[in-house]
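An overview of the molecular structure
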Amino acid sequence: MRIALIGIGKIANYQMQAITHTEGIQLVDAHDLDPVKAEELPGSVTFYDNLDILLKRSKADAFLISTPTNSHFEVAMKVIEADRVAIVEKPLCTNQEQMDALMTAARTRKLPLYTAFHPSYGREVDWWREQREAQNFDVGRLIGFESCFADPYFMDGKLTLGAVGKAGAWIDSGASSLSILARLINPGSCLIDPDTLALVDGRMTAIPDLKCAQVQGLGIYRFKAGGHNGYGMVDTNWTLGKNYKTTRLWYENGVIELDHAKEYGRLRLAGQEELVFNLATDKPRLVNHYCGVFANLTEMHAQGEDNKELTEVLHRLLFAAMRS
Ligand SMILES: NC(=O)c1ccc[n+]([C@@H]2O[C@H](COP(=O)([O-])OP(=O)(O)OC[C@H]3O[C@@H](n4cnc5c(N)ncnc54)[C@H](O)[C@@H]3O)[C@@H](O)[C@H]2O)c1
């Protein structure tokens, strides 16, 4: 599968590393509004400073969009309207109307549309799915979850450089957390039934003079696992002053804590000693994430599939919390 990159910023660097580690995928072309970014590309990649020319001339099978979040909609629509395949860094866009328009445009042209939910391919997430599928631990039924995604992007009353390109705490990290939960609540599948997860309430904190949609966002969800209802919370926060990304899943017989920043799992089963599993590798965690994305993408591409349905379910849950 041949890929072209649109937006050569911080995340593109990890994507390029992951491409070199993934069989069956090759980076052929790239575009950025800033021509200086061409220097970050390997010699084999052709740089275009004009998106229209890239879309006309490139032999790429798909175009991976990693521009600032607020521009995802406009750039993705341009790719689709050129009859080319868009792969979009999560979140796909910033509101329901934009998502509906992108889905309609892609479906009308019978084009695949894929969102790169890279945090859901964290090694700690894959590891716990494997443990559940193999039934290696007798944890019992899932009864609740709590997921916290905190980044130090709001300090001394201002946004820090880390927030550049991100739309807001909830839009950015809510999408990450929900995509992780979708893979954990349903360990046997990559899809999530819309009935499996539903919004109960959402609470967002916006600061009027700041160029971001929210500095904090919280969603309370009801889920269904094994025929029973459970409740969980997704908490995203730029004001805590730290990088802290953890999901806890409470089961009848214990709790698993997955640390997405440090790539480890900590299992506490009733009456047993705590077990800690270090899943980190010599590669940066974002490279590990993108290795998972590209493996999934190449497999879907080979079968003529995409992840539109998952994208719609997760973004509906995301946007519903913002409107709540
Ligand atoms: N940095 C991270 O750790 C990280 C992690 C996960 C997801 N993301 C997501 O990836 C996306 C990009 O983030 P980033 O941190 O790489 O941003 P960045 O600011 O480092 O890079 C964005 C690049 O896009 C270019 N650009 C801007 N508008 C463009 C346009 N309309 N057309 C073409 N190029 C354009 C900029 O010149 C820049 O080189 C965002 O949606 C962000 O939420 C970033």
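Residues numbered from 1 in each chain as written. Predicted model: local features only at pLDDT ≥ 70, side-chain atom pairs only at ≥ 80, totals over all residues. Heavy atoms only, no water.

**Comments concerning the overall build of the protein**
- Each helix and strand counted, the protein has eight helices and 16 strands in total.
- Over its C-alpha atoms the protein spans a radius of gyration of 19 Å, differing by no more than 12% from the 20 Å that the globule rule assigns to 324 residues.
- Within the protein, buried positions represent 55% of all 324 residues.
- Sequence separation of at least 24 residues holds for 67% of the intrachain contacts in the protein that already meet a minimum separation of 6. (Helix = DSSP H or I, 4+ residues; strand = E, 2+ residues; numbered from the N terminus. Rg over C-alpha atoms; globule rule 2.2 N^0.38 Å. Buried < 20%, exposed > 50% of the residue type's maximum accessible area, 1.4 Å probe, protein only. Contact = heavy atoms within 4.5 Å.)

**Observations concerning unusual backbone geometry**
- The omega torsion across Lys-90 and Pro-91 is -5°, close enough to zero to call that bond cis.
- Assignment of secondary structure puts Pro-91 in the loop between strand S5 (86–89) and helix H4 (96–108).
- Notably, Gln-135 is not glycine yet its phi reads approximately 50°, a positive angle.
- Turning to its location among the elements, Gln-135 is positioned in the loop between helix H5 (123–133) and strand S7 (142–150).
- Classification of Gln-135 as exposed rests on a relative accessible area of 65%.
- Despite not being glycine, Asp-156 has its phi angle at roughly 50°, a positive value.

**Overview of the domain arrangement of the protein**
- In terms of domain boundaries, the protein breaks down into domain 1 (2–115) and domain 2 (119–323).
- Between the C-alpha centres of domain 1 and domain 2 there is a distance of 24 Å.
- The interface is formed by 35 residues belonging to domain 1 together with 34 residues belonging to domain 2.
- For the pair domain 1 and domain 2, the summed buried area comes to about 2900 Å², and 67% of that belongs to carbon and sulfur atoms.
- Scanning the region where domain 1 abuts domain 2 turns up two salt bridges.
- Put simply, Lys-90 and Asp-172 hold a salt bridge, and the shortest N to O gap is 3.2 Å.
- Viewed at the interface, domain 2 and domain 1 are joined by twelve residue pairs in polar contact (both at pLDDT 80 or more). (Domains from an automatic or database assignment. Buried area = accessible area lost by both parts, 1.4 Å probe. Salt bridge = Lys/Arg side-chain N within 4 Å of Asp/Glu carboxyl O. Polar contact = N/O pair within 3.5 Å; in protein donor to acceptor, adjacent residues only side chain to side chain.)

**What to know about the packing of aromatic side chains**
- One pass over the full model with this rule turns up eight aromatic pairs.
- Plain terms: the ring middles of Trp-127 and Trp-128 are 5.6 Å apart, the flat faces sit at 45° to each other, and that makes the pair tilted. Per residue, the accessibility class of Trp-127 equals that of Trp-128, and both read buried.
- Taken together, the aromatic side chains of Trp-127, Trp-128, Phe-137, Tyr-251 and Phe-277 make up a single cluster linked through ring pairs.
- Note that Lys-242 overlies the ring of Tyr-244, its terminal NZ or CZ placed 4.8 Å from the centroid. (Phe/Tyr/Trp six-rings, centres within 6.5 Å; stacked < 30°, edge-to-face > 60°. Lys NZ or Arg CZ within 6 Å of the ring centre and 35° of its normal.)

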